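# Coordinate analysis (summary)
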Amino acid sequence: MKDTAKMIEWHPVFGLERELDWLSNMNDWLISKKNRYWGLALPIFECECGNFEVMGSKEELHEKAIEGWEDFEGHSPHKPFIDEVKIKCSKCQKTLSRIDDVGNVWLDAGIVGFSLMLILKQKN
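Here is a short report on the structure shown in this document. No experiment lies behind these values; they were computed from the predicted model shown. (Residues numbered from 1 in each chain as written. Predicted model: local features only at pLDDT ≥ 70, side-chain atom pairs only at ≥ 80, totals over all residues. Heavy atoms only, no water.)

### Comments concerning the nonpolar core
- Residues Ala-41, Phe-45, Cys-47, Met-55, Leu-61, Trp-69, Phe-72, Ile-82, Val-85, Ile-87, Cys-89 and Leu-96 constitute the largest nonpolar core, which totals 12 residues.
- Residue contacts for Cys-89: discarding those within four places in its chain leaves Cys-47, Cys-49, Asn-51, Glu-53, Lys-94 and Leu-96. (Core = buried A, V, L, I, M, F, W, Y, C linked by side-chain atoms within 4.5 Å. Buried < 20%, exposed > 50% of the residue type's maximum accessible area, 1.4 Å probe, protein only. Contact = heavy atoms within 4.5 Å.)

Here it is in structure tokens:
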């Protein structure tokens, strides 16, 4: 994320220094689980068999959707629309729903939501 931040033309220029400081010191506060309506809907689908699937894009979600895509299509990836989409567990084939948790509402600004998906992918 730091390398990507350095590729951006920042206005004002001191924004890069602040962003790099934030990225270096954010730890995991922004991905703590929160059971709220508002916030960034985490793209995580967890199965009772212990498997979990993390969607990296709308295209991937569309490809894996087995129901609910029609209700979600055309909407941003927020509640309640995202929760209509169900996928199949790649291990046991059960139908999965997105977890109820959402990320901190500050994640829903700018590129930070995309960054969250990268963080979650790296932890997978």
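### Section: unusual backbone geometry
- Cis geometry is adopted by the peptide bond preceding Pro-12, which originates at His-11 and carries an omega value of 0°.
- Within the secondary structure, Pro-12 sits in the loop between α1 (2-6) and α2 (14-25). (Helix = DSSP H or I, 4+ residues; strand = E, 2+ residues; numbered from the N terminus.)

### Quick word on the pattern of salt bridges
- As enumerated under the stated definition, the model contains four salt bridges in all.
- Across the pair Glu-53 and Lys-64 runs a salt bridge whose closest N-O atoms are separated by 3.8 Å. Taken together, the residues span a long stretch of sequence, with Glu-53 in strand β3 (residues 52-54) and Lys-64 in helix α3 (residues 58-64) at a distance of 11 residues.
- A salt bridge links Lys-64 to Glu-60, with the shortest nitrogen-to-oxygen separation between them at 3.3 Å. Of this pair, Lys-64 and Glu-60 both sit in helix α3, four residues apart, roughly one helical turn.
- A relative accessible area of 18% means that Glu-60 is categorised as buried.
- Here the residues in one salt-bridge network are Glu-53, Glu-60 and Lys-64, joined through shared partners. (Salt bridge = Lys/Arg side-chain N within 4 Å of Asp/Glu carboxyl O.)

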